[in-house]
Amino acid sequence: MKRLLTNALIVNEGTCVRGSLLIDGEVIGGLYPEGAVLPTADATEDLQGALLLPGVIDDHVHFRDPGLTHKADIASESRAALAGGVTSVMDMPNVVPQTTTIARWEERMKLGAQECRVNFAYYLGATNDNIDEILRLDCHRVPAVKLFMGSSTGDMLVDKENALRQLFRQCPTLIMAHCEYTVRTNRRMREAKALYGDDPDVSCHPWIRDVEACYLSSEQAVRLATEEHARLHLAHITTAKELTLLPAEGVTAEVCIPHLIFTEADYRTKGTRIKCNPAVKSAADRDALRKALTDGRIHVIGTDHAPHLLREKEGGAAKAVSGMPMLQFSLPTMLELVDEGVLTLEQMVALMSHNPASLFGIERRGYLREGYQADLTIVEKRDWTLRPDDILSKCGWSPLEGYHFTYRVRDTYINGRRAYHDGKVDDDCRGQALTFRT
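Predicted model, so just to flag it, every value in this text is computed and none were measured. (Residues numbered from 1 in each chain as written. Predicted model: local features only at pLDDT ≥ 70, side-chain atom pairs only at ≥ 80, totals over all residues. Heavy atoms only, no water.)

## Quick word on the overall build of the protein chain
Of regular secondary structure, the protein chain possesses 13 helices and 18 strands. The C-alpha atoms of the protein chain give a radius of gyration of 21 Å, which matches the 22 Å a tight globule of 438 residues would have. Across its three principal directions, the C-alpha atoms of the protein chain cover 70 × 45 × 40 Å. Taking all 438 residues of the protein chain together, the buried fraction comes to 62%. (Helix = DSSP H or I, 4+ residues; strand = E, 2+ residues; numbered from the N terminus. Rg over C-alpha atoms; globule rule 2.2 N^0.38 Å. Buried < 20%, exposed > 50% of the residue type's maximum accessible area, 1.4 Å probe, protein only.)

Below, the structure is given as structure tokens:
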């Protein structure tokens, strides 16, 4: 079937122009500037000036499936992705059991094919002793190896110098690293407990997981990548000091939505709802990250979408779990930053769609180009306030509840199929496994 979308404001590859787009089966059949002769189609829809964007690619999600499905699962979180204009996700390995062998990775791929409403890929996780598994991975199907150089949810810490050196020397694909210096964060947690008791207030979290812990670990990762000529992608950069490590040859960096919108002052009102690893830090750090969106030091915007039940968020810096659901509202949030002048619309699309596709080598996605898969997001101007009943994530809450937005996702297309329209998900839709150029 051919579907023609007309009268759209098309944002793609550094331009923002009015025009039309043809969907031909699963792929984009053509792009037509305003005034061009339009092709015939089986159906035509006037978008009335709505934004037409390449679908968002989120390189950093935790769908909690398998093993942690009381708080999230592939079906629930991919439905949330559709409602947020996200068409492709790359899911992390700290599930139960952890995705640290090829056999477990293959099991997750089968699960994704059965349940995921958007396009998907799964990372293989590094451990202190699984280099043989890593050397067997298929670079056309695995986006990267996830390396925890700091202990976080699931405790997949790789802390042996020889294991780190071997991974950076031999890894056949990109290494995506969570960087926090665990020796330092453990020591500072002990110090905080000595001062404030067994569960210090959550406001201590950015002091415990502080700037220096992030910098020391990121500096080590960049140094190892440089010495061993490895490709490194720094996950969720949170500090101005880490930005001084960039640019570096062979090194790219991701920033996540929470660190672009929250600061340590927000712990007073939002409490553990914004507790995540690495921690939300100072306003100066947030502002430095925002600036880096436009000068080439940050390459990708992700979410680190990490659902937990609210009862698991009870407590303080020690007892409350870290992580928050952000996937469904990442695009509306970034569009607000566009309106605030933090970055341009074209820059936002590059950071959320083009750059993830290019950095990971995703085949035929991330751009509006003839012959590419028709993964599309249509966004309209509409004032609305986020209410609990808007939330599709299984955990049922968002740190953004009560926020006023001026953009809303109207339609999301997955491989040419309209999988989300005006609040309704097509639950029969299934995404495809992402493939990667090497």
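## Considering the environment of Val-321
For Val-321, the position within the fold is in the loop between strand E14 (300-302) and helix H12 (330-339). Separated by 101 residues in sequence, Val-321 and Asp-422 place their C-alpha atoms 33 Å apart. Excluding residues within four positions of it along the chain, Val-321 makes contact with Lys-275, His-308, Glu-312 and Lys-313. (Contact = heavy atoms within 4.5 Å.)

## Quick look at unusual backbone geometry
The phi angle of most residues is negative, glycine excepted, and most peptide bonds adopt the trans form. That bond from Asp-65 to Pro-66 is cis: its omega, 15°, falls within 30 degrees of zero. Among the structural elements, Pro-66 can be located in the loop between strand E6 (56-61) and helix H1 (74-83). Note that the residue after Val-96, namely Pro-97, is joined by a cis bond; omega there is 0°. Considering the arrangement of structural elements, one finds Pro-97 in the loop between strand E7 (86-91) and helix H2 (102-115). The residue His-236 is not glycine, and still its phi comes out positive at about 30°. The residue Arg-364 is not glycine, and still its phi comes out positive at about 55°. Along the chain, the position of Arg-364 falls in the loop between helix H13 (345-360) and strand E15 (376-385).

## What about the pattern of salt bridges?
Overall, the coordinates contain 32 salt bridges when judged by the stated rule. Across the pair Asp-390 and Arg-408 runs a salt bridge, and its minimum N-O distance is 3.4 Å. Separated by 18 residues along the polypeptide, Asp-390 in the loop between E15 and strand E16 (404-414) and Arg-408 in strand E16 bring together distant segments of the chain. Residue class for Asp-390 comes out buried when judged on its relative accessible area of 17%. (Salt bridge = Lys/Arg side-chain N within 4 Å of Asp/Glu carboxyl O.)

## Considering the packing of H12 against H13
One can describe the packing of H12 onto H13 by two numbers: an axis separation of 9 Å at closest approach and a directional angle of 150°. The two elements H12 and H13 cross, and the hand of that crossing is right-handed. Contacts between H12 and H13 involve Ser-330, Leu-331, Met-334, Leu-335 and Val-338 on the former and, on the latter, Leu-345, Met-348 and Met-352. Residue classes in the contact of H12 with H13 are distributed as seven nonpolar, one polar and no charged. (Axes fitted to C-alpha atoms, helices over the stretch in contact; angles between N-to-C directions. Left-handed = near helix turned anticlockwise from the far one by under 90°. Nonpolar A, V, L, I, M, F, W, Y, C, P; charged D, E, K, R; others polar.)

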